[in-house]
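# Structure at a glance
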Amino acid sequence: MTSSAATATAGPRRGRAVGGLLRGMPLLPAVVLLAVFLAGPIAYCVYYAFTDMQLTGASGTHFVGFDNFTRAFGDSDFVNAVVLTLVFVVGSAVVGQNTLGLALAVLMEKATRPVRAVTSTVVIAAWVLPEVVAGYLMYAFFFQQGSLNAILRGLHLPQQNWLYTLPILAVCLANVWRGTAFSMLVYSAALNDVPQELVEAAEVDGAGPWQRLWRVTLPVIRRSVMTNLMLITLQTLSVFGLIYTMTRGGPGNKTETLPVFMYQQAFTSSLIGYGTAVALVLLVVGALFSVVYIRMLKMEED
Amino acid sequence: MAVTSSPRAVRVRPEADRQAVGGTRRRRVATGRIAVNASLLVFSALYLVPLLWMLLASVNAHGSFKLTVPSPTGDNFRQILNTDTTYRPMLNGLLMCGGGTLLCVVCSVLAAYPLSRFRSRLRRPFLYTILFSTGLPITAVMIPVYSMFVQVNLIDSMPGTTLFLAAAALPFGIWLMKNFMDGVPLVLEEAARIDGANAMQVLWRIVLPLMWPGVIVVTIFTFIGMWGNFFVPFILLLSPEKLPASVSVFTFLSAHDQTQYGQLSAFSIIYSIPVVMLYLVLARRLGGGFALGGALKG
C-alpha cells in the first residue's frame, strides 16, 4: 500500500465518480421537473419582481430596481393585505385551528369510542372536501339567508349579514372549520405518546386537569406543537381558493389577504411586475418559516 | 421545605383520602365523561351543519339557503349530469390529476431510491432542499409560472398543467417515499446484489413489492391534493372545455346571477365523492398507524 497503490487508486477513484453519477441517475427526472417548474419560476419571480412587466407582454418590460417594493410599502392596499394576512394566519391557524385541534384531541381521549369516531369523522370530512367546495359551503353557512342566521334565529339571538359586517371573521372561521382536522390528527398522535405514568403521577400529586395539561402534557408534546404551528402557518399563508370562493377579497378589500391581493394586482390590474413583487414577499415569508421548520426537525434528529 | 420534612405523611394522606372518597371520585369521573361526550356531540352537530346543508340542498327543488326540504327531488342531479356540466370537467380532472399523480409517483420512487440507499456528500443538502420546498407556498409562484407558460406557449395546455401539478407535488412525494423506503430492510437487497442484479432490477423486483402500502399512500395523497387544487388550473387554463371540476365549480357559482344552489350542491357532491372514497381507502389501509385509529373503523 505504498507507491504502487498511489497510482492504482486514480483508476478506482474515477470509477467511483462515474459510479456515483450512475447511481444518481434515477434522480434525474425529478431534478429536471423540479428545476424547470419550481426553481425556474422562483428565479423568474425574483427577476420579475424588479421589473415593470405588464400582462400585455414582455416587450415593454424595464428593470425598475426596488420601485415595486417601495411602491408596495407606500400602498395602503398592500399594507391592508399584510394586516389581513396576519389576522388570518394568527386568528384562523395559530389560535383557531391549533387550539381547537388540541382541545378536540384532549377531549377525544376521554370520550367513549363511538363519540370519538363520530367527532373525528365529521371533522375530517370537512378537511377532505376540496377547497372550493368547502368555500362554497362556508359561503352558504354565513350568507344572509344562510344556516348560521337560521340557527341564530331559532335561538332568538341577533343575526347579521356576516359576509358584509364581519367578513374577515367569517373567512377565519371558515378556515378553522376546514383545517382543524390536521391539528387534531397531529395532537391525537402526540397525546398517544405521552407516558401515562407521568399524567397519573401528576394527578396523584393533586394537579387539576388544567395543570396537568399545562404543566405535564404540553411540555411533553412541545415538539409536536411547534411542528404543527409551523405547518398550519405555511398552509394558511397560501390559502386562496377558500377566500376567493367566499368573498373574492371583498366586500371592498376587507378579506384581501396577500395571495388574493397578489392575484388581483397581477391579473385584474394587469401589473405582473407588481403582483410578482407581492408574491416574492409571500415567498420569502414562507421560506423563512420553512427554514425554521427544517431547523426544528434537524434538532429533533440530533 | 414542609414537604421534604414529612414525606411519608404527605404521601399517605391522599391514599387514605382516595379510599374514603373512592365512590364520589368514580362518580365524578363518570359525570366528567358524560360532559365530555355531550360537548363533543354538540360540537360535531354544529360542525356537521354545512355538510348536512349540502346534502339537503342537492335534493331541494327550490335551492334556497334553508335547512329544510319539503319534498326531496332528484331533479338537481338530473340537470347537471350531462357532458358540459359534469362529465367533461370530471374527465379533465381525472386526466390531469391522474397523469400528474402517475408522473409524480414514478419520479419520486426513482428519486427516493438513491436518496434512501446511497451515501453521498450531496445527499443531505438535496434532502434539505426537498424538505424546504415542501414548505414553500406554491400560490406565490403562480404568477411567474403564468408568465413563463405564456412565453413557451404552454398556457391553456392540459399537458403543461399536468406537468406543473406533478412538479408541485414532487417535493412532498419524494420526502414521503424516501421515508417509506427507509423502512425496507437492506438485507434482501444485498442478496440480490450478490446474485448480480442491478439497481433498477433491485428496485423493481425487491424494494417496490415490499413497499406497496407506502406507494399507495403517496399515490392517494398526491391525487387528493391535485383533485382539490383550484389555483393552478385556474391560472394556467383558459378554455372552458379544458377546465377540471375544481375550477368549473367556480364558474358555476359566478356564471349565473341566479346561482342554482341545488345544482351546485349536487355537483359539489359528485365532485367530492372520488376524494372521499380515496380517503376512506387510505384511512383503512393505514389503520392504527395514521393516528386515525379506530375513527373510521368504528
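Rules used throughout
Residues numbered from 1 in each chain as written. Chains lettered and ligands numbered in written order. Predicted model: local features only at pLDDT ≥ 70, side-chain atom pairs only at ≥ 80, totals over all residues. Heavy atoms only, no water. Helix = DSSP H or I, 4+ residues; strand = E, 2+ residues; numbered from the N terminus. Buried < 20%, exposed > 50% of the residue type's maximum accessible area, 1.4 Å probe, protein only. Contact = heavy atoms within 4.5 Å. Buried area = accessible area lost by both parts, 1.4 Å probe. Salt bridge = Lys/Arg side-chain N within 4 Å of Asp/Glu carboxyl O. Polar contact = N/O pair within 3.5 Å; in protein donor to acceptor, adjacent residues only side chain to side chain. Nonpolar A, V, L, I, M, F, W, Y, C, P; charged D, E, K, R; others polar. Core = buried A, V, L, I, M, F, W, Y, C linked by side-chain atoms within 4.5 Å. Domains from an automatic or database assignment. pLDDT = per-residue confidence, 0-100. Axes fitted to C-alpha atoms, helices over the stretch in contact; angles between N-to-C directions. Parallel < 35°, antiparallel > 145°, perpendicular 65-115°, else oblique. Phe/Tyr/Trp six-rings, centres within 6.5 Å; stacked < 30°, edge-to-face > 60°. Lys NZ or Arg CZ within 6 Å of the ring centre and 35° of its normal. UniProt positions renumbered as here; feature names shortened; annotations may be inferred. Expected span 1.5 Å × (residues − 1).

Let's shift gears to the overall build of chain B. Secondary structure assignment for chain B yields 14 helices and zero strands. Mapped from its N terminus to its C terminus, chain B presents α and β elements in the order α-α-α-α-α-α-α-α-α-α-α-α-α-α. The buried share of chain B, reckoned over its 298 residues, is 47%. Taking all contacts inside chain B whose residues are at least 6 apart in sequence as the whole, residues at least 24 apart take part in 69%.

A few words now on the overall build of chain A. In terms of helices and strands, chain A carries 15 helices and zero strands. Each of the 302 residues in chain A was classed as buried or not, and the buried ones make up 50%. Put simply, of all contacts in chain A between residues at least 6 apart along the chain, 69% involve residues at least 24 apart.

What follows is about the interface of chain A and chain B. Each partner contributes residues to the interface: chain A has 91 residues there, and chain B has 82 residues. Summing both sides of the interface, chain A and chain B together bury roughly 7,700 Å²; the carbon and sulfur share of this comes to 79%. Counting the surface chain A buries against chain B, the share from its top three residues, R23(A), F37(A) and Y136(A), is 9%. Where chain A meets chain B, there are zero salt bridges. In this assembly, chain A and chain B are joined by ten residue pairs in polar contact (both at pLDDT 80 or more). Residues that form the side of chain A that touches chain B fall into these classes: 66 nonpolar, 17 polar and eight charged.

With that settled, consider the side chain of S133(B). Along the chain, S133(B) falls in helix α6 (residues 123-135). Within the structure, S133(B) has its side chain in polar contact with the backbone oxygen of T129(B) (distance 2.7 Å).

Turning our eyes to something else, we now look at the nonpolar core. Residues L137(A), F142(A), M246(A), F164(B), F234(B), I235(B) and L236(B) are the most contacted members of the largest nonpolar core, which totals 141 residues. No other element matches helix α14 (residues 261-286) of chain B, which puts eleven residues into this core. When we break this core down by domain, the ones giving at least three residues each are domain 1 (2-58) and domain 2 (78-290) of chain B. Those residues within four positions of F164(B) in sequence are excluded, and the remaining contacts are F37(A), L38(A), I138(B), V141(B), M142(B), V145(B), F149(B), V232(B) and L236(B).

So, about the confidence of the model for chain A. Residue and element names in this part refer to chain A. On average, residues of chain A score 83 in pLDDT, and 90% of them reach the 70 mark or higher. Within chain A, the lowest mean pLDDT, 57, falls on helix α1 (residues 3-24), and the highest, 90, falls on helix α4 (residues 76-110). Segment residues 1-11: pLDDT under 50, and zero contacts once partners within four positions in sequence are set aside and those in other chains are kept.

Okay, unusual backbone geometry next. Despite not being glycine, S270(A) shows a phi value in the positive range, around 60 degrees. Positive phi, normally seen in glycine, also occurs at N153(B), with a value near 60 degrees. Counting through the fold element by element, N153(B) comes out in the loop between α7 (138-151) and α8 (158-182). Taking relative accessible area as the criterion, N153(B) reaches 64% and is therefore assigned exposed.

Turning next to the pattern of salt bridges. A pair can form between side chains of opposite charge whenever their charged atoms are brought close. Evaluated as defined, the whole model comprises four salt bridges over all chains. Among the salt bridges present, the one from E203(A) reaches R212(A), with a minimum N-O distance of 3.3 Å. On the basis of relative accessibility, which here comes to 32%, the residue E203(A) falls in the partly exposed class. For R212(A), a relative accessible area of 15% gives the class buried. The salt bridge involving D182(B) is made with K178(B); its shortest N-O contact spans 2.8 Å. Of the two residues, D182(B) and K178(B) both sit in helix α8, four residues apart, roughly one turn of that helix. On the basis of relative accessibility, which here comes to 35%, the residue D182(B) falls in the partly exposed class.

In a pair of packed helices, the angle between the axes and the distance between the axes together describe the arrangement. Across the interface, helix α2 (residues 28-48) of chain A lies against α7(B) with an axial gap of 8 Å and an inter-helix angle of 90 degrees. Judged by the inter-axis angle, α2(A) sits roughly perpendicular to α7(B). Along the contact surface, α2(A) presents V36(A), F37(A), L38(A), G40(A), P41(A), I42(A), Y44(A), C45(A) and Y48(A), while α7(B) presents I138(B), A140(B), V141(B), P144(B), V145(B), S147(B), M148(B), F149(B) and Q151(B). Residues of the contact of α2(A) with α7(B), tallied by class, amount to 15 nonpolar, three polar and no charged.

On to the packing of aromatic side chains, then. Following the criterion strictly, the structure yields 31 aromatic pairs over all chains and no others. Between F37(A) and F149(B) the ring centres are 5.9 Å apart and the planes differ by 70 degrees, which places this aromatic pair in the edge-to-face class. Taken together, the residues span two chains, with F37(A) in helix α2 and F149(B) in helix α7. Take F37(A) and F149(B): they sit in the same class, and that class is buried. When the ring of Y263(A) is compared with that of F267(A), the centres are 5.4 Å apart and the planes differ by 35 degrees; the resulting orientation is tilted. Taken as a pair, Y263(A) and F267(A) lie in helix α14 (residues 258-268) at a separation of four residues, close to a single helical turn. Given the relative accessible area of 17%, F267(A) is considered buried. Every member of this aromatic cluster is reached through a ring pair, and the members are F240(A), Y244(A), Y263(A), F267(A), Y146(B), F230(B), F231(B) and F234(B). Directly above the aromatic system of Y274(A) lies the positively charged group of R71(A), at a separation of 4.2 Å from the ring centroid.

This next bit is on the UniProt feature "transmembrane region" (unreviewed entry) in chain A. All names here are of chain A. With numbering matched to this structure, UniProt assigns "transmembrane region" (unreviewed entry) to residues 27-50, 78-106, 118-142, 162-187, 225-246 and 266-294. Structurally, residues 118-142 comprises 92% helix and 0% strand, and the distance from its first C-alpha atom to its last is 24 Å. Helix makes up 96% of residues 162-187 and strand 0%, and the two end C-alpha atoms of the span are 31 Å apart.

Our focus in this paragraph is the side chain of S239(B). Residue and element names in this part refer to chain B. Take S239: it is sitting in the loop between α12 (231-236) and α13 (245-255). Accessibility expressed as a relative area gives 14% for S239, which makes it buried. Within polar-contact distance, the side chain of S239 engages the side chain of D156 at 2.4 Å.

What follows is about helix α12 (residues 222-237) of chain A. For α12(A), which comprises 16 residues, the first-to-last C-alpha distance of 22 Å matches the rise-based estimate of 22 Å (1.5 Å per residue) to within 8%. Where α12(A) is concerned, the buried positions are V225(A), T227(A), N228(A), M230(A), I232(A), T233(A), L234(A), T236(A) and L237(A).

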